[in-house]
Amino acid sequence: MNIGIVCYPTFGGSGVVATELGMALAKKSYRVHFITYSQPTRLDTFIENICFHEVDIRSYPLFQYPPYELALASKMVEVVKYEKLDLLHVHYAIPHASAAFMAKQILATEGVFIPVITTLHGTDITLVGKDSSYEPVVTFSINQSDGVTAVSEDLKRDTYKHFAINKNIEVIPNFIDLKRFQKQKKDHFRAAICPDNEKLIVHTSNFRKVKRVVDVIYIFNKIRQVIPAKLLLVGDGPERSAAENLCRELGDCDSIRFLGKIDAVEEVLSVADLFLMPSEKESFGLAALEAMACEVPVVSSNSGGLPELNLNGITGFTCEVGDIEDMTQKSLHILSNENLATFKKNAHKRAKEFDINAILPKYEAFYSKVVENHSIITK
Ligand code: GMT
């Protein structure tokens, strides 16, 4: 099968999932065409069955905003036609699903009929999508898709709640490559950060407001009042200054390191004892799954799809959003010498249920179903 994948190529869960999916499909002899505005960050090695088609977004002095969606739709038309695609799989509804609809209509006038699958990732529904400036287009383009998937049951529920959707939404959870995300022996790294064998806590995110990075700093401050601990923060974004200021205010700078954006996040996770994800909303929580795969228990909020991944009291704990005291107490419980090994083991066991080899067949079966139904309709 010849598949076109459209996603946001930079750092961010939806782009990571789309790229990893494409690479795994290509290894199984599918031909995969990435249609994105720059090379996807995770597409860092040559894989024979993968082609990358860059969307060329031309600007013109008249345009205050370059028309990305039109350039994307035009590129989709070109790639579908000349590469003879069987399916377009777009990740993130805005504006990928509506661009795909436009491409589909253009292609139909030329006698080319292509099915479109839209995968909903979270913020395209829970934050941006339901904003009244996007809602009609999001509803329309989801309903016009030939297949729709969501990364958690919670996201599926939210989509039906906020949009008038007349399509069945299939839940296919996110997945993890356990060959890459596994605990590695990095004793020298651990010794450098925690010379006195302090407990090591990690948070990774894009530092957007929704991630509540400031809560991470407060929780860490409270943990440190009870046990010796260090905190590593991976990533960067709008809330970084606020987080850094708070570290100074609380006098914790010597125990906290901001590592910025790094690719080999699995190396940092390999030396961690606890992962914090206090997000306001999280449709799935891919970063938490990456931590769990590296044997790191998680204290997270209970919002969105997080309780579907992080099993309360087993792989970590899920707490009310903003309940810093509860998150602190739960962290201390996990970090105690008598509990830590069990939580680590449970987190790893749970992560294995999201092994890419178990989830990929779900996408393959869904692709086959959608392509088959579409060919019956267009006959
Ligand atoms: O969380 C973000 O800010 C990035 C966003 C994205 O679209 O890349 O992540 C969403 O999709 C990920 C992959 O499916 C999920 O793991 C994240 O939970 C989800 N983020 C939110 O729902 C806030």
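Our subject is the structure that appears above.
What you see is a predicted model, and the numbers here were worked out from it, not measured in a lab.

(A) Structural view of the packing of helix α1 (residues 13-27) against helix α15 (residues 356-378). Following both chains from N to C, one finds α1 and α15 inclined at 85°, their axes separated by 11 Å at the closest point. Relative to α15, α1 is oriented roughly perpendicular. Between α1 and α15, the contacting residues are Glu20, Leu21, Ala24 and Leu25 on the first element and Ile356, Leu360, Tyr363, Glu364 and Tyr367 on the second. The residue inventory of the contact of α1 with α15, partitioned by class, reads seven nonpolar, no polar and two charged.

(B) Layout of the sheet that holds strand β8 (residues 199-204). Strand order across the open sheet formed by six strands is β10-β9-β8-β11-β12-β13, with parallel pairing between neighbours. Strands at the two margins of the open sheet, each flanked by one partner only, are β10 (256-260) and β13 (316-319). This sheet shows a mean twist of 20° between the axes of neighbouring strands, independent of strand direction. Pairing analysis gives three bridges linking strand β11 (residues 274-277) to strand β12 (residues 298-301), with the strands arranged parallel. Paired with Leu276 across the two strands is Val299, which belongs to β12. The sheet contacts of helix α11 (residues 286-293) involve β8, β11 and β12, and relative to β11 the element is tilted by about 175°.

(C) Main features of the packing of aromatic side chains. Tallying each qualifying case throughout the model produces nine aromatic pairs. For the pair Tyr8 and Tyr37, a centre-to-centre distance of 6.5 Å together with 65° between the ring planes defines the contact as edge-to-face. Taken together, the residues Tyr8 in the loop between β1 (2-6) and α1 and Tyr37 in the loop between β2 (31-36) and β3 (50-54) connect sequence positions 29 residues apart. The partly exposed category is assigned to Tyr8, whose relative accessible area is 23%. Where Tyr37 meets Tyr68, the ring centres are 5.8 Å apart and the plane angle is 80°; that geometry is what we call edge-to-face. Linking Tyr37 in the loop between β2 and β3 with Tyr68 in helix α2 (residues 68-83), this pair joins segments that are 31 residues apart in sequence. Residue classification places Tyr37 among the partly exposed residues on the basis of a relative accessible area of 28%.

(D) Summary view of α2. The first and last C-alpha atoms of α2 sit 22 Å apart over 16 residues, in line with the 22 Å expected at 1.5 Å per residue. Every buried residue of α2 is listed here: Tyr68, Ala71, Leu72, Ala73, Lys75, Met76, Val77, Val79 and Val80. For α2, the elements touching its buried residues are β1, β2, β3, β4 (87-91) and α3 (96-109). Downstream of α2 by one or two residues, Lys84 has phi in the positive range, about 55°.

(E) Geometry of the environment of Ala93. Along the chain, Ala93 turns up in the loop between β4 and α3. For the pair formed by Ala93 and Glu338, sequence separation is 245 residues and the distance between their alpha carbons is 45 Å. The contacts of Ala93, once residues within four sequence positions are left out, are Ser98, Thr118, Leu120, Asp124 and Val138.

(F) Highlighting unusual backbone geometry. Along the chain, Ile94 connects to Pro95 via a cis peptide bond; the corresponding omega equals -15°. By secondary structure assignment, the location of Pro95 is in the loop between β4 and α3. Backbone geometry at Arg212 places phi at a positive 50°, although glycine is not the residue there. Relative to the assigned elements, Arg212 resides in the loop between β8 and α8 (213-224). Residues other than glycine seldom take positive phi values, yet Glu295 does so here, at roughly 70°. Position of Glu295 among the secondary structure elements: in the loop between α11 and β12.

(G) How the structure looks around the side chain of Thr36. Note that Thr36 resides in strand β2. A distance of 2.8 Å separates a polar side-chain atom of Thr36 from the backbone oxygen of Ser38. Beyond its immediate stretch of four places on either side in the chain, Thr36 contacts Cys7, Pro9, Phe52, His53, Glu54 and Val55.

(H) Region of interest: the site of the ligand. Taken together, 18 residues surround the ligand, and among them Ser14, His121, Asn206, Lys211 and Glu282 come closest. At 2.9 Å, a backbone N or O of Gly13 approaches an oxygen atom of the ligand. Computed on the free molecule, the ligand has an accessible area of 490 Å², of which 95% lies beneath the protein chains in the complex. The residue makeup of the shell around the ligand, split by class, is four nonpolar, ten polar and four charged.

(I) Region of the structure containing the sheet that holds strand β6 (residues 147-150). Taken together, the seven strands give an open sheet; going across it, the order is β3-β2-β1-β4-β5-β6-β7, and neighbouring strands pair in parallel fashion. Two strands close off the open sheet at either side, each with one partner strand: β3 and β7 (169-171). Averaged over all adjacent pairs, the angle separating strand axes in this sheet is 25°, with direction ignored. Sheet topology note: the β4/strand β5 (residues 116-120) ladder contains four bridges and is parallel.

Thresholds, definitions, all that
Residues numbered from 1 in each chain as written. Predicted model: local features only at pLDDT ≥ 70, side-chain atom pairs only at ≥ 80, totals over all residues. Heavy atoms only, no water. Axes fitted to C-alpha atoms, helices over the stretch in contact; angles between N-to-C directions. Helix = DSSP H or I, 4+ residues; strand = E, 2+ residues; numbered from the N terminus. Parallel < 35°, antiparallel > 145°, perpendicular 65-115°, else oblique. Contact = heavy atoms within 4.5 Å. Nonpolar A, V, L, I, M, F, W, Y, C, P; charged D, E, K, R; others polar. Pairing = 2+ DSSP bridges. Phe/Tyr/Trp six-rings, centres within 6.5 Å; stacked < 30°, edge-to-face > 60°. Buried < 20%, exposed > 50% of the residue type's maximum accessible area, 1.4 Å probe, protein only. Expected span 1.5 Å × (residues − 1). Polar contact = N/O pair within 3.5 Å; in protein donor to acceptor, adjacent residues only side chain to side chain. Near = heavy atom within 4 Å. Areas by Shrake-Rupley, 256 points an atom, 1.4 Å probe, with all protein chains shown as cover.

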